[in-house]
Structure formats: structure tokens, C-alpha cells
4 protein chains.
Amino acid sequence: MIDLKVAIIGATGYAGIELVRLLLRHPEAELTYLTSDSYTGQELAAVYPHLTGLLQSSLALSIHDDGVSTLKAIDVHTIAQCADVVFLSLPAGLSSALVPQLLEQGLRVIDLGGDHRIPADLYEAWYKKMPADAAIFRQAVYGLTEIARTKVAGATFISNPGCYTTAAQLAILPSLQAGWIDGRRIIIDAKSGVSGAGRGVGLGTHFSEINENFKAYKIGAHQHTPEIEYHLSLASGQDTCVTFAPHLVPMTRGILATSYLPLQSKACGQLTQEQIYETYQEFYQDSPFVRIRPIGQFPQTKEVYGTNYCDIGLYLDQRTKQLIAVSVIDNLVKGAAGQAVQNLNVMYGLDETTGLEMSPLYP
Amino acid sequence: MIDLKVAIIGATGYAGIELVRLLLRHPEAELTYLTSDSYTGQELAAVYPHLTGLLQSSLALSIHDDGVSTLKAIDVHTIAQCADVVFLSLPAGLSSALVPQLLEQGLRVIDLGGDHRIPADLYEAWYKKMPADAAIFRQAVYGLTEIARTKVAGATFISNPGCYTTAAQLAILPSLQAGWIDGRRIIIDAKSGVSGAGRGVGLGTHFSEINENFKAYKIGAHQHTPEIEYHLSLASGQDTCVTFAPHLVPMTRGILATSYLPLQSKACGQLTQEQIYETYQEFYQDSPFVRIRPIGQFPQTKEVYGTNYCDIGLYLDQRTKQLIAVSVIDNLVKGAAGQAVQNLNVMYGLDETTGLEMSPLYP
Amino acid sequence: MIDLKVAIIGATGYAGIELVRLLLRHPEAELTYLTSDSYTGQELAAVYPHLTGLLQSSLALSIHDDGVSTLKAIDVHTIAQCADVVFLSLPAGLSSALVPQLLEQGLRVIDLGGDHRIPADLYEAWYKKMPADAAIFRQAVYGLTEIARTKVAGATFISNPGCYTTAAQLAILPSLQAGWIDGRRIIIDAKSGVSGAGRGVGLGTHFSEINENFKAYKIGAHQHTPEIEYHLSLASGQDTCVTFAPHLVPMTRGILATSYLPLQSKACGQLTQEQIYETYQEFYQDSPFVRIRPIGQFPQTKEVYGTNYCDIGLYLDQRTKQLIAVSVIDNLVKGAAGQAVQNLNVMYGLDETTGLEMSPLYP
Amino acid sequence: MIDLKVAIIGATGYAGIELVRLLLRHPEAELTYLTSDSYTGQELAAVYPHLTGLLQSSLALSIHDDGVSTLKAIDVHTIAQCADVVFLSLPAGLSSALVPQLLEQGLRVIDLGGDHRIPADLYEAWYKKMPADAAIFRQAVYGLTEIARTKVAGATFISNPGCYTTAAQLAILPSLQAGWIDGRRIIIDAKSGVSGAGRGVGLGTHFSEINENFKAYKIGAHQHTPEIEYHLSLASGQDTCVTFAPHLVPMTRGILATSYLPLQSKACGQLTQEQIYETYQEFYQDSPFVRIRPIGQFPQTKEVYGTNYCDIGLYLDQRTKQLIAVSVIDNLVKGAAGQAVQNLNVMYGLDETTGLEMSPLYP
């Protein structure tokens, strides 16, 4: 038995509380320390009543007098005493200061935020914030698990990918590596549920403004754009350029990315639907969370609801010389907390699916 | 290891597919035979793509050539060969013919439908259909688990309660047994998500007719009315009469029942909020799936999403001499498949929570 | 041609902006002054882009240099110069200070807030705020138009009813006046869309917390309770006592109130469904906005969407001795801005339906 | 006074019932004959209770004994007696047989279906149905009003554009005519509310399958693809080729189209955001229903809810050499019934906005 002691910094945001959901049922992990800036000192079940009665039972061993169910302030030394590994789920710009301290204490770290995903120059240009220390950035393993499995296995510090970027990269990379498409003219039209905007209040998450409504936002300016380009380029060895347009769907969970991949002229007329399907199947044959849909079938966001799956459907449009890839994830699971747990598993040599075996909630 | 072999008759309705979700992850159960009237001969994952890849892995031991993932017709003899216990999830009027045959084969049966919940005269009056055989009805244990745990333990045939009736009875029974309220003037105003209407198509489940809309239906005429009255009366030893008004909420899952319980004159001015809270806490102290909310807090449907919990909030209105109980369940879990699995567990002496330990999906 | 000059104080809340929608198309009204605390100095179309291009065309005559489309601060003297009548749409506690000043300037006033609906003692007990001046309260005509039409006709100051209270009173009053029901044991279970909570941000209006969720709130404590009791008692001459439980529906617009009206013993067995229908029809025969549904039909909120209708369905449950009335309104129209315009029409001797003749938006 | 007598063939589908909503309030039109295949002989208000009481008042002049409110079968001779103009709102393949008969009777015709929008060869290839008669097709004026206003003015037969095609063409055409973009590599990623799928029942419109879900459908195969290509080519004089991918949004009304328009090399680095804005403003300066949003602002579907507006936002991505146009319409109004009424107005020399002057319903 491994029994990892786990701390979550930022436990009351939506990604944080999804980590709680997953780790409460993870057979090898035990939550020991949960922080919250907004609710320090309160019981977690008072903030999230759906957890009523759930933390007591599974967390009896907490070393703290007031128990793990009481939300704490961030205290690196106490965390070092009671945890082996720390998940950070913080707004952009906050984790870059904390990570060095945590690593110095010998803790392993999985950062769900964006601070360590792209180099300093890109970070500054797109996030308009101070970038992380360059040495720390170099230490970070970019944890798109399916692509980086071997690096994750030995890592002490994981930078967990963004939600949109996970859905997009998993759909695009096999085609890019196969040499079928022109990576400099990729268009990604992505659609996300509202939980991706977090639990912060504002008109942008106000029910009456979002419900029965659909909109685009941050076209050409979303900070996931350079993340996609940078890591697609790294993984494929080809220069990529991406037009990325995110949209907001009146639903809580789910991302669907429609990627328009222009065929290289040599691929036109040659490539077949079957060949594409088989290449993707093979590419992901050892990846239990990626499911390639049969030819002619496109995935829907609800079909991965509450799970760590990324489902991909593919369409070859010979008429317009485009390969169209539709990929779906649950933005809070494969797009955040689930992939973080998947990385935890790989990091510690556990089966990749440990604690993540649930079926999608449908309907 | 117990390893129960399980058949589901009616696996492609919403309660059936929820049984599949739960039983796929149940450590002591193995699905061996799934029937579907509408999709006989098809692969389950073709009907429900969210199950892509999930049945193969867990059901390798199926005795059938074409595997459990292929939907079958109902064949009692084959079922008897490959199953220990059968779940029925069929429209009203269909299970009464099947149950005797299944029992005769020595199978244990859990019927999620309404055919065996109330005596023949009530059934005929409210369902307008031929009632089940009286001897079979007498054999049925009404499986509101928290109330009937000891009877369920020895049972071979369970009649699983209705969704509304589960939410209502769990909220009302402690007050009724405590003698605080007048059982002849109970009002239950219940609200359900649309999945309660099943997967059948019609204007009543058409998105554009339901979305951004709210309505009442079957006021005074819903078939769960006699079920509530009959079983509340049986369990409390008091005559009860219930005005029951169901409503449809533009959401997929969840039931919230608001029960208005008129105080007996002796209880007025005497009873306190604290006393009510403690009585309910005690009533359900050995029931892991019932959570009584702290005084002043009311549960929301999302707080039990995807789980077998029934959460209850209570308000004593001294001004109007009413005790108001608000209870929530996930209609497909505690209101159907989850309670059925809970009954399976109790029936076979397993821990009541086996396979049902998930945290609610929030948000 | 009458051509009323109209000011709106609080134009950027949801009731305020609904007043803008209705008055922009009102043939006898002209908007001349719009105030907003949050957006003073901004263009209305910058705050609400759906109004792009709409104010210029219809408001060319504005006397202000910067035009009506620029949101102003509250300035009673300027308002008095450019308006005949003022609508107030402010949070509780703010209009009681303004109304005396506006009236003193000779302006007519229609207050959509709750400050002048109930006497000081009730107001203090339920709103926990300083009540309005008693003399001003006595001057206010409570504008439930269908009931108070003659008083509204001569009024200079209207207190516009609350949303829940409008739906409930219109459904209950005919039965109460007919002497069929016991007014001291009324139960109203009401359900509202989220726009009723206004445009203010908070977790209570956060999309991910509300969507695919249903909850009760303020049971036994909602400030519309005394308004219903007070005005039902006044209008019927009978003492009434109401258990009122509001709920939040994951939709934007609409209220449905289910009123449980216990039959007087003399009415039991005598009263018929037809008699009830005819009594209601007659009661509202001169009320173009109240539609009594045929026996056996219940209204849905979407069937009055965007309009000033209140639709009512009735069910006589002889078995449980209850008359159940289901009433629906659009909370922002008949529950707020629409009824305010209806009162404006009656106040000035216009046809009651002027500017309110639209058909419901369905689906 | 013009007083047009209007028949609607297919009045109980969603486009048909939206025509009823608009024409009931149209000052120059009178409904005289409504047909319904599914509900012949029934009262319209029995099928659509939101119309309770609305048809009697405005349609007193009907020449039929049983009044316009009773739904009829299609009878060309009777229609010819009581109508000047006929709207057809029928499933694909049905209007091509009816239109010649109606025209022969001297009726003017506005066909909301797809049978007369594209030439026979394209129709057969994409609709997989028998095309309309070629002579009739040539007679049809394609009624994208903003583009075809002068032709519509003299027309007797209008083929009303599709919903997606209206949103897409209005957004793309100014850029295409300006010569900025390469028309052979256009990508349109479109998102529609569910009412676009009509009132027919099926799993594709089942609430529990659509709600809290998002999906793509008919990628590369949607019948609006050739309509967009054909009419963009005709209007611009340039060959266009379009990759078109429609998606389904869990909402009732609204379409948002995101059009990715690759810049011609000569335009790169030259074109400015301001120039684009001004060109679009000028292009639509006489079009009251097209609103170009200020630079940096993108429209949302709710901002045109219930109205005939098409709002367009534009973004020039110099980095990726794309012009991105986001356009929104209400699919049932500008995408169907509203544009049909707009065409009626232009056809008869009325002001283009007659009967269409409402403000958007927001929120």
C-alpha cells in the first residue's frame, strides 16, 4: 500500500473541489491539508454542503487537531509535515511564488494553473503578468499525460495542461505527427461550459446573462493559444500557428473543440477515413482515457461527463481539403483535476486509472 | 468474494442504463445479460456511446458467444442459466407477467417498476391497468431500504419504491411516527427533473417545450399518491391522506419534495427546531445515505447529484403551525437504480454502501 | 395624443431594463431620463448591447444635451423638468426616501419596489429596514391592477405589487371572495426563475451553482408573505394566514405558484369544477391579462413568456378537500415592469393594454 | 390601409407558429387561413395554449364559419379565395409540389423551406430528394432581404433563406465583395439552439439528451453548405468554397456563426480593424436589422432574442492572417419567420420594419 498524503492549495475553487471529489475515493491517497483563501477557518461542508458527512469518515487520520475538514491558510511548513504531494489550484500568477518553496521542502508538486506551462516571453505577452522563475519552469514537466507519460513517471514537479489545450492537442497531435496537415494554418473553434470560468462571481458567470445565450469571447487573445502552439510544436517538431476562438455554452461542464486541420497537398486524395481512424487508434492504444469514435460518429460532451475520458471523432472532408477533429472532455476532470490525478498516478507508478475508473454520468 | 451474476431486463431506459453505470463499478456484481426491447441485437455502446470501451473490460467472463455487450431479447431460461439476480426496469404493467416466471426459476428479483408496490384495488384505480397476482404482491418486500432493512435482508423479491415516494416518505415518516403531525392533511409539492419521464420521445420531453419552462402535471392524479399514502400508513400505523402535486423542472436529474406537515395542536408551541433535528438525526443514525441538514439549511438537488443520498432540511413554522420538510434525491439513483443496488447489497448481506460510495458531482 | 414623458430611476436593473423594453414601444410614452447608480455617465447600449441603435431612433426629442441614452444620476429637479411620471426600480429601502421628493415636485410615481406595499410594523418585521413615512404609505395605491382598477385610475402614486404576490393573489382571491376556502390555512408553493433575484452578482445567481439544480429558499421568511396576507385580507374582508415557500428554478424568466386552498366544509361535495371555472371567468371577464384555462389544463410559465398575462388553472381535489390553483406570470412583466405599465395606462385613462399587446414568445 | 390577407401552410411547426406571433401584431396583415397536417380540425389554442384568447380578437373577419382559429387542411382553392399571400413552412420536399398550384391561382408565395433555394443538381446532391421544377426555381427570388431588396420588391415568389445561411452570408459578404479574403477557403463554425430542429419528436430533440450537453452534427454534409456557397458566389462574383460545421447548443433560440475568413496576401498588414468596421457599417447603412458592433465587441445570441436583428462583430487577427466574423440571429425570426415578414413588407412596398419593431427580450 502506497498511501500518499495529499494537500490541496486552493481547495474551494471548482478545480480544487473536483480534486476533493476524486481524491476522497482514491484508494492510495489521503487528503491531509486543504487551504482556502476565501473560507479559511470554515468547515468544508459549510462551504460545499454536498460534502456533508464525507470528510469525517475518510480522513480520520489527519494530524491536525481540527481535522482536514477545516479549511486552512497556506503554511508551507505545516504542509511539508503532513503531505507528500501538493496540488495547486490557484488563479494565474499565484503559484509561481509558491512552487519554489514547496519544492525546496521536498514536496512533489502538481500545479493546475498556467504559470509554468509556457516560456517567460510567451507568458508575459499573453498573461500580462510576471513569469515564473526560468529555472523552475525548466524543471516543470508539462503533464499532458498521454504524450508525456515517461517524463511524468520520474517527475517531482508537474505543470498540468489547460482545459482547452488538452482537448485540442489530443485531437490534433496524431495528424500533425503523421505529416498529413499544415500546422501553420490550424483553426480551433472551442466551446466550454461555464464552470471553466471558475466560482468567482461577476456578470460573466451570472445565470440570467448566460442561460439561453451563447457567445464568443477572447477571440485571438486567449492565453491557451500560445500553450497549444508551443506544445504542439515541441511534440511534433513542426512550427504550428493556431487561430483559437473560445465560446461559452450555457451548461456547467464540458468542452468540445472543433479543430480544422488543412490537408497537405500530398495528403489530398490519398488519405482515407479508415487510415485516419487506424492511425489515431494506434496512437492511443496504450491510453485508457482516449477513445477514438467509429468513423461517422462524433462525441458529445455529456458522453464523458464526470470522467477523465477524451473522446475524439474525425471527419475527412475531401471536398474542402480539411481534416476535422471533434474532441470532448469534462473540463473539470480531464481538463483539470482528473488529469492531475492521472499524473499523480503515473508519477508514483500506480496504475494510470487508479481512482478514475468511473463511468460517465448519462444522462 | 461473492460475485453476483446480474441480469437487467430493460437495460436501455434511463433507470436501466443507470443500473449499468453502478453495477459496472460494483466490486461484487458482474453484468451477464442485458435486454432491450427497442435495440435487441445491437451493441450497447452503439446505443449509448458514453459506454464505449467500458463493457469489454469488465465483462470478459460472459457465457454468451456474443458477449454481454450485445443487447438481448428477454429469455427467462437463458437468464436463469447466467444470472443469480434480475433487475427489472420496465414500463408499468409489464413486470407483473415476468416476475412469477423469474421467481419460479429460482432467481432473485428486484423490480424497479410500479406493478408490485400497492394492492390490486389501488393499482387498478390509479394505474388503470391489470394488477399483479395477489400472491406475488404479498411476496414482494417494499424496498424503501431505510425503513425495511430487515425485511429486505431475507427477501427474494423486492419491489423498489418510486422516485417521488422515496423522497417524500423519508422526509415525512420520522414526524409521523413522532406523533407531531396530522397525517390526514399532508401536502407534498414535488419537483422533478426530466429524466424521470424516461427516454421515450414525445412533446412532454421535447427540449424546446421544456427548457426555460416550468409546469405542474397530473395534480391529484399521479400514481405515486396511493403509494405514499399506503406505505406511510403501514409504516406509521396512522391513516394518512396526501395531496400530491408533481412539477417538471427544466433540468435532467433531481427531485426536490417540499412536504407541508400540519402540526397536531399538542405539538404547537411545544416542539422546537432542535428537537426536530435531533429526532431525525436519531431516526437515520444507521442510515448512511440519509443526511439531515443543520438547522436553517435546506438541501439542493445538485448536492446529491449522481449519488444515492437523500438529504433533508426541516423548518418549523410556529406562525402557521406547519412543519416543512425539504428532501432531495437524484431520481435515477436513490429514486431508482441506486436504491435498487442498495437493496441488492442488503439482500445479500453486503455492506449497504458497496458500489455506491461516490461523492456528488458538484458543480 | 397623450405623449407622456417618462423617467426611470434604476434603469439598469432587470426590472428597469424591462421597463425600457416596454416603454420604447409604447405609443403614448417617451423615455426622457434614465438613471443608474452603477453606470452613471455611460451609454445604455454599452451596458446592454441588445439596445444598440434602439434609443436614438425613438428618443430624438430628449431635452438633454447628451440624450436619454446616457445614464444619469438621480436629480429630482431635472427629472421634474423633463418627466410627467417616474418609475422607481430600486432595492428595498431606497425608494421611501425619494418618493416624497418626487411627489412634492408634482410628479406621478410608480414604485416597483417593496417600500410602500405593507404597513410600517409589517415592513419592519419582515424587511428589517426603516419603513416609509406613514402618510406617504397611506397615499399609495396598491396597484394589483385587476383588483384596484378604479383606485389606480385616479392615483398619483402607485405601489406596484411584488412578483410572487401578483401570481398568488390573482389565483386565490376569487375563491376567497366566493367563500369556498379557509383563508387561515393557505399554502403557497412558488417557483421563480433566476431573473427575480436581479442582476446583482453572487453565488446565489452564479450559473454553475444554479444550472441543473433546484432549491428552496427563505421558507417561512420571505418578505412577500405579509404582502400576500395583508392584501388578501383587505380585498376579501377575511383574515388570511399563508405558509409561503419560494423555490428557485434553473430558468431566467417565469413564476409558477401552486396554491393549496383548503375547502370550507360547506363547500365539500357541493362545489364543482365547472362552477369554479365559471366563477373565475366571470371574476376576470373585464381583465384582458388574466386567462382562465379550460378545466383540466394547467398553464406553463413559457406560455406567458415576455407578456403581461397571468394564466390560471384550477383543480378541485374532492378526495383531499383542496382547491389547487396554478398560476403563472412572467416575473419581469406582470410581476414587475408590465404591471407597472398597465398601471400607467389605467392611471392616465389609456386602454389598459396599450404597449402590452405582444404575443408570448413560444417556444 | 393595405390589409393583406395571409394564409400559412404549416402553421403549427415552430416557424409557422412564429409567423402567427408576428402576423397577429402586424398592422397591415390579417391571418385568414392556417393549415396543419398534424392537427387538422383542432383549435390553434388547444395545440398552443399560449395563444389562448389571442386569435378571436384579431381575426373576427375570417370568412370561414369555424373561424381562422380552427386549423385546416391544405385546400388551394379556398386559400385562393381568402388570401392574397401564402407563407409555406413545410419539411423539405413538400413545397415544390404546392408552389406551382398557388402561383397559378394568382397568389403571392413566400416559401420558408429549402426547396427553391439552390439549383436542381445541388438540391439532389445535398437533399437527396426530387428537386423543384426548373422554371419555378428560376422564378424564385432568393430573399436574403439586405442583399436582394430590389428584386424582392417586385417579386411574386420568394424563396426565404435558411437560418444558418442568413447568419453566415450577412457576416461574410461585405468582406468578400471588398476583395479582402480568399473565398475558396472559408470555414464556418455555426452553433444553433434546438428550436432549429423543429417540433418533431425524437432523441435528437429529447431534453435529457440535449440539456447540459453540446455536440456537432452533419459536419461537411449539412444542406445549408451549398446554399451558402451558391449565393455567396452569385452575390460576390467569386467562386467560394465553404467548410461548414453545425453544432447544437442546449438552448431554445439563437444561432451564432463564427466565420474564419483567410486574408488575401495583399490585405495582410494593410487592412485595419477600423477600415473593416467602416466598410461593414456602410454596407449595411440602409439595413435597419443589421447592427455592426463596435470594434472589440462580439454579439451574443440573447442580444437579438425574439427580434429580426442580425448583429455582427469583427476581429482582424493579423498574427494568423484571418478575419473572424461573429454573427448572431434568432433562428426563428431573422432565420425564418421574421425575414419572411420582412420580405412581405418589401414585396408590398411597406416599411421594411413593419410589425418587426420589437426590442430584444433581455434577459
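Reading the values: the criteria
- Residues numbered from 1 in each chain as written.
- Chains lettered and ligands numbered in written order.
- Predicted model: local features only at pLDDT ≥ 70, side-chain atom pairs only at ≥ 80, totals over all residues.
- Heavy atoms only, no water.
- Phe/Tyr/Trp six-rings, centres within 6.5 Å; stacked < 30°, edge-to-face > 60°.
- Buried < 20%, exposed > 50% of the residue type's maximum accessible area, 1.4 Å probe, protein only.
- Lys NZ or Arg CZ within 6 Å of the ring centre and 35° of its normal.
- Contact = heavy atoms within 4.5 Å.
- Buried area = accessible area lost by both parts, 1.4 Å probe.
- Salt bridge = Lys/Arg side-chain N within 4 Å of Asp/Glu carboxyl O.
- Polar contact = N/O pair within 3.5 Å; in protein donor to acceptor, adjacent residues only side chain to side chain.
- Helix = DSSP H or I, 4+ residues; strand = E, 2+ residues; numbered from the N terminus.
- Least-squares fit on C-alpha atoms with pLDDT ≥ 70 in both.
- UniProt positions renumbered as here; feature names shortened; annotations may be inferred.
- Nonpolar A, V, L, I, M, F, W, Y, C, P; charged D, E, K, R; others polar.
- Pairing = 2+ DSSP bridges.
- Expected span 1.5 Å × (residues − 1).
- Bend = angle between axes of the 7 residues up to and from the residue.

Colleague: It is not clear to me how the packing of aromatic side chains should be interpreted in this structure. Could you clarify?
Modeller: Each aromatic ring pair is summarised here by two numbers: the centre-to-centre distance and the angle between the ring planes. Going through the model one piece at a time under the given rule, you end up with 24 aromatic pairs over all chains. Relative to Tyr284(D), the ring of Phe283(D) has its centre 4.8 Å away and its plane inclined at 65°; by these criteria the two rings are edge-to-face. A relative accessible area of 29% means that Phe283(D) is categorised as partly exposed. With a relative accessible area of 3%, Tyr284(D) lands in the buried category. A cation sits over an aromatic face here: Arg108(C) above Tyr348(C), 4.4 Å from the ring centre. Seen from the ring of Tyr305(C), Lys302(C) lies directly overhead, with NZ or CZ sitting 5.1 Å from the centre.

Colleague: Would you mind showing me how to read the interface of chain D and chain A here?
Modeller: How big an interface is tends to be reported as the loss of accessible area on association of its parts. Tallying the contact residues gives 45 residues for chain D and 45 residues for chain A. For the pairing of chain D and chain A, the buried interface totals around 3800 Å² over both sides, and the portion due to carbon and sulfur atoms is 57%. Between the two partners, chain D and chain A, sit 4 salt bridges. With its nearest N and O atoms 3.0 Å apart, the salt bridge here joins Asp189(A) to Lys191(D). Run the count over chain D and chain A and you get 30 residue pairs in polar contact (both at pLDDT 80 or more). Counting only elements with at least two residues in the side of chain D that touches chain A, the list comes to strand E7 (186-192), helix H10 (207-210), strand E8 (215-216), helix H11 (224-236), strand E9 (242-248), strand E10 (255-262), strand E12 (310-317) and strand E13 (322-329) of chain D.

Colleague: What is the right way to read the relation of the copies chain D and chain A from this model?
Modeller: Two copies of a chain can be linked by a rotation about an axis combined with a shift along that same axis. With an RMSD of 0.0 Å, chain D superimposes on chain A once it is rotated by 180° and translated 0.0 Å along the axis. With respect to symmetry, the two chain copies, as superposed, fit the operation of a two-fold axis.

Colleague: Any chance you could explain the UniProt feature "active site" (unreviewed entry) in chain A here in plain terms?
Modeller: All names here are of chain A. The sites that carry the UniProt feature "active site" (unreviewed entry) are, in the present numbering, Cys163. Within the fold, Cys163 resides in helix H9 (residues 163-178). Note on Cys163: relative accessible area 15%, which makes it buried.

Colleague: Whenever I open this one, the interface of chain B and chain D confuses me. Can you help?
Modeller: Each side of the interface is counted separately: chain B has 20 residues, and chain D has 20 residues. Summed over both sides, the interface between chain B and chain D buries roughly 1700 Å², with carbon and sulfur atoms accounting for 56% of that surface. On inspection of chain B and its partner chain D, the count reaches 2 salt bridges. The salt bridge involving Arg199(D) is made with Glu209(B); its shortest N-O contact spans 3.0 Å. Here the side of chain B that touches chain D takes 4 residues from helix H10 (residues 207-210) of chain B, the largest share from any one element. The residue inventory of the side of chain B that touches chain D, partitioned by class, reads 9 nonpolar, 9 polar and 2 charged.

Colleague: Would you explain the sheet that holds strand E4 (residues 108-111) of chain B in this entry?
Modeller: Strand pairing in a sheet takes place through backbone hydrogen bonds and is either antiparallel or parallel in direction. Residue and element names in this part refer to chain B. If you walk across this open sheet you meet the 6 strands as E2-E1-E3-E4-E6-E5, and the pairing is parallel. Every interior strand has two partners, whereas the edge strands, strand E2 (29-35) and strand E5 (141-142), have only one. With 4 bridges connecting them, strand E3 (residues 85-88) and E4 associate as parallel partners. Along E4, the bridge assignment pairs Phe87 with Ile110.

Colleague: What should I look at first to understand the relation of the copies chain B and chain D in this one?
Modeller: Between chain B and chain D, the superposition needs a rotation of 180° and an axial shift of 0.0 Å, giving an RMSD of 0.0 Å. Same-surface contact between copies: 100% of interface residues of chain B are shared with the interface of chain D.

Colleague: Even after reading the chapter, I still don't get helix H9 (residues 163-178) of chain C, so can you show me in this structure?
Modeller: Owing to its 3.6 residues per turn, the α-helix aligns residues three or four sequence positions apart on the same side. All names here are of chain C. For H9, spanning 16 residues, the distance from its first C-alpha to its last is 24 Å, which sits close to the expected 22 Å at 1.5 Å a residue. Taking the largest bend as the criterion, H9 deviates by roughly 35°, centred on Ile172, and proline Pro174 comes between one and four positions later. Looking one or two places after H9, you find Gly179, whose phi comes out positive at around 80°.

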